[in-house]
Amino acid sequence: MLAVLNRVNWVDIFALILLLRISYISSRIGVGIQILPLISLVLILAITLYNYAGIATFFVNKLSMASSTCNFFSYLFMALIFAVIYRVVLRSTGMFLAMGEAEAGGIEKVGGAILGILRSNIILGLVMIGLLLIPIKPIEESVKNSYSGLFFVKTNLDIYSFTMNLVLGRDKASTKKTLSQLLSKKESYIFEKFDLKDKSRFFNKEY
């Protein structure tokens, strides 16, 4: 039990809070109102993962910046744009209005919770992929070492691979290949781990 608790980090806590929050709200609003937002999230995931590396390569060639930095900012830029679009979709389907005026019941509530879990999985996966791409090593390591981080990433990559292979044809996308690209060592970090013992002269025997 202690070993489990020792491995839990801020990534797991964040994921649990967001998962519970979205699932609870979704159970109140039912199934129908969540279908379009769920489809939107799948499209956002597919378009972002398919295009961010190509956009990053363009800026690497033009600005001679590190590819890891360009990959992150390309992904972040697309994610922010699509976050605005997703919010518009939520409003257009009346989600916020439904939260205040109507509440689902019975089977509709269970179905809503299930769709909420699916939506939260995709949202968390998008966030975790962004954290893996950020060229800050402690954040990247937090995702890799957490219980939930890579689970949400792999779930999203499975959805991405299925979607792309369905649209573009068989074997056009691979979860394993995309994951290896995300987990590959970055050639440039903005900030790496800071080891006080290694950096401080107080701990240096020659001091």
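Residues numbered from 1 in each chain as written. Predicted model: local features only at pLDDT ≥ 70, side-chain atom pairs only at ≥ 80, totals over all residues. Heavy atoms only, no water.

Visitor: Is there a simple way to explain the overall build of the chain in this structure?
Guide: From N to C terminus, the chain includes 10 helices and zero strands. Taken from N to C terminus, the helices and strands of the chain fall in the order α-α-α-α-α-α-α-α-α-α. The burial tally for the chain puts 40% of its 207 residues in the buried class. In the chain, the proportion of contacts linking residues at least 24 apart, taken out of those at least 6 apart, comes to 80%. By element, 66% of the accessible surface of the chain is carried by carbon and sulfur atoms, the whole surface being about 12600 Å². (Helix = DSSP H or I, 4+ residues; strand = E, 2+ residues; numbered from the N terminus. Buried < 20%, exposed > 50% of the residue type's maximum accessible area, 1.4 Å probe, protein only. Contact = heavy atoms within 4.5 Å. Areas by Shrake-Rupley, 256 points an atom, 1.4 Å probe, with all protein chains shown as cover.)

Visitor: Explain helix α9 (residues 175–183) here, please?
Guide: Since the α-helix turns once every 3.6 residues, residues separated by three or four places project in the same direction. Along α9, the residues classified as buried are T175, T178, L179 and L182. Along the long axis of α9, the arc covered by the buried residues comes to 100°, so they all point the same way. Those residues of α9 that are exposed and angled more than 90 degrees off the buried face are K176 and K177. In this fold, the buried residues of α9 make contact with α3 (35–63), α6 (107–133) and α8 (149–168). (Arc of directions from axis to C-beta.)

Visitor: Sorry, what's going on with the layout of surface pockets here?
Guide: One water molecule sets the probe size; rolling that probe over the atoms shows where empty space is left. Estimates place the volume of the second largest pocket at around 340 Å³. Forming the boundary of the second largest pocket are 17 residues, of which L49, A53, Y160, T178 and Q181 lie nearest the centre. Listing elements by their share of the lining of the second largest pocket, those giving two or more residues are α3, α4 (67–92) and α9. At seven residues, the largest contribution of residues to the lining of the second largest pocket is made by α3. (1 Å grid on protein atoms, 1.4 Å probe; cavity = no way out; pocket = protein on both sides within 12 Å on 5 of 7 lines; lining within 4 Å. Points joined across faces, edges and corners; volume = space filled by probe spheres on them.)

In short, shape yes, function no, at least from these values alone.
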